[in-house]
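Overview (structure and organization)
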Amino acid sequence: MARILTGIQSSGRPHLGNILGAILPGIELSRDPQNESFFFIADLHSLTTLKNGTEREEYVRAVAASWLAFGFDFNKNTFWRQSRVQEHTELAWYLNCFTPFPMLANATSFKEKAEKLSDVNAGLFTYPVLQAADILLYDANIIPVGKDQKQHLEMTKDIASRFNLLAGKEILVLPEPRIDERIMTIPGIDGQKMSKSYHNYIDIFLPENELKKVIKKIVSDSKQLEEPKDPEQDITFKLYSLVASDTDLAAMRQNYLNGGYGYGHAKQALLECMLEKFAEPRRIFNYYMENNDELESILIQGEAKARAIAQTTIGKVRKVLGFSS
């Protein structure tokens, strides 16, 4: 049985890109009886950018509610908040002491901001080490990641190998990435990659009137209503292609090519499609956001399961390092 582990940051409410690129593929993997899934909310990682505690608590709830809204089975699998299992930070410190400076200096997450070092905190610099601890703490075999995270998985394996060399045996399991080549980059409303950083995302859990306002902001060209349009170059059409049925997508494509069909029509069709496709997840999401005690109970249950495994791993590490009692 393969142990699958993935985490999603709580630096904001999950958007359409998170759902299509991480949540739905993760849940699909979790439904395979040959897999044992460990999904966590990476609230410690969010501290590198988000300092407001009230906002973080709200986003943690929203992330948890999003996974549950799409049918993640928290009884069969393990689902928890990273910050509630203190072994994450303990192992991260131990691994910091096995991680060479040049490795972290070459990390893409650091290099992207290295030109303005005043914006780089120590947490951002050592981010890959905490990520390694998240993975190695649970003997994870498979880590579903995007191409941009492959480097961090390689660093995790390097760090674990250094530790195992000292131990003289495999204490920490070396994980392997699983990159789904089928997953495309989800465009935001401005055409760039959908990202909280770019403020171009679509939150499918917004009330209908607010969701409509976001969809109306999708950038389009200046072609008039009567003119034929190129569906392959239009952001609204690209987003519609991710959520619509094949029949509805073919119909919209033909409308674009025929002319007499405006971008306003396409945006309205996208809104209606999202409301229909995500009606049940939206209902479940709102239920958990309004019933915090029930959501909290689910997370506490998962944290107890995660902690039991984490304590076993940390016990082995402490013994190797001479910290066991």
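Coordinates for the structure precede this section.
Reference entry: report on the structure contained in this document. (Residues numbered from 1 in each chain as written. Predicted model: local features only at pLDDT ≥ 70, side-chain atom pairs only at ≥ 80, totals over all residues. Heavy atoms only, no water.)

1. Examining the pairing of strand E2 (residues 35–42)
Note the cut-off: For every residue, the accessible area (1.4 Å probe, protein chains only) is compared with the maximum for its type, and the residue is labelled buried under 20%, exposed over 50%, or partly exposed between those bounds. In this text, helices come from DSSP runs of H or I with a minimum length of four residues, and strands from runs of E with a minimum of two, each type numbered from the N-terminal end. Between any two strands, pairing holds if DSSP finds at least two bridges. With strands facing away from the observer, any crossover in which the path from the first strand over the helix to the second runs clockwise is taken as right-handed.
Most of E2 sits inside the fold, with seven of its eight residues counted as buried. As judged from the eight bridges shared by strand E1 (residues 2–9) and E2, these two strands associate in the parallel manner. Bridge assignment links Gln 9 to a residue of E2, and that residue is Ala 42. For the crossover from E1 across helix H1 (residues 16–30) to E2, the handedness is right-handed. Across four bridges, the pairing between E2 and strand E3 (residues 78–81) is parallel. Note on E3: the bridge partner recorded for Ile 41 is Arg 81. Following the backbone out of E2, through helix H2 (residues 53–69) and into the adjacent parallel E3, one traces a crossover that is right-handed.

2. Some remarks on unusual backbone geometry
Glycine aside, a negative phi is what most residues show, and trans is what most peptide bonds show. Of note in the backbone geometry, Asp 139 takes a positive phi value of approximately 50° without being a glycine. Residue position: Asp 139 is located in the loop between helix H7 (127–136) and strand E4 (142–144). In this structure, His 199 is a non-glycine residue whose phi angle is positive, near 55°.

3. Regarding the nonpolar core
Note on soluble globular proteins: their nonpolar side chains tend to be buried together. Inclusion rule: Here the nonpolar core consists of buried residues drawn from Ala, Val, Leu, Ile, Met, Phe, Trp, Tyr and Cys, with membership extended through side-chain atoms lying within 4.5 Å. Only heavy atoms enter the contact rule, under which two residues are in contact if any of them lie within 4.5 Å.
If you look at the biggest cluster of nonpolar residues, it comprises 60 residues, and the most contacted ones within it are Leu 16, Trp 67, Phe 70, Phe 79, Ile 202, Ile 204 and Leu 239. Phe 79 has contacts with Phe 39, Ile 41, Ala 64, Trp 67, Leu 68, Phe 72, Phe 74, Ile 298, Leu 299, Gly 302 and Glu 303, leaving out every residue within four places of it along the chain. Of all hydrophobic cores here, the second largest spans 40 residues; its members include Leu 130, Leu 136, Met 155 and Ala 306.

4. So, the pattern of salt bridges
Let me state the cut-off plainly: What makes a salt bridge here is a side-chain nitrogen of Lys or Arg within 4 Å of a carboxyl oxygen of Asp or Glu, nothing more.
All chains considered together, the criterion is met by 11 salt bridges. The partner of Asp 203 in a salt bridge is Arg 13, with the nearest N and O atoms 2.6 Å apart. With a gap of 190 residues between them, Asp 203 in the loop between strand E5 (176–178) and helix H9 (208–216) and Arg 13 in the loop between E1 and H1 connect regions that are remote in the sequence. In this structure Asp 203 comes out as buried when scored by relative accessible area, which is 6%. Judged by relative accessible area, Arg 13 falls into the partly exposed class, the value being 23%. With a shortest N-O distance of 3.8 Å, Glu 296 and Arg 84 are connected by a salt bridge. Within this pair, whereas Glu 296 is found in helix H14 (residues 292–321), its partner Arg 84 is found in the loop between E3 and helix H3 (87–96), the two being separated by 212 residues in sequence.

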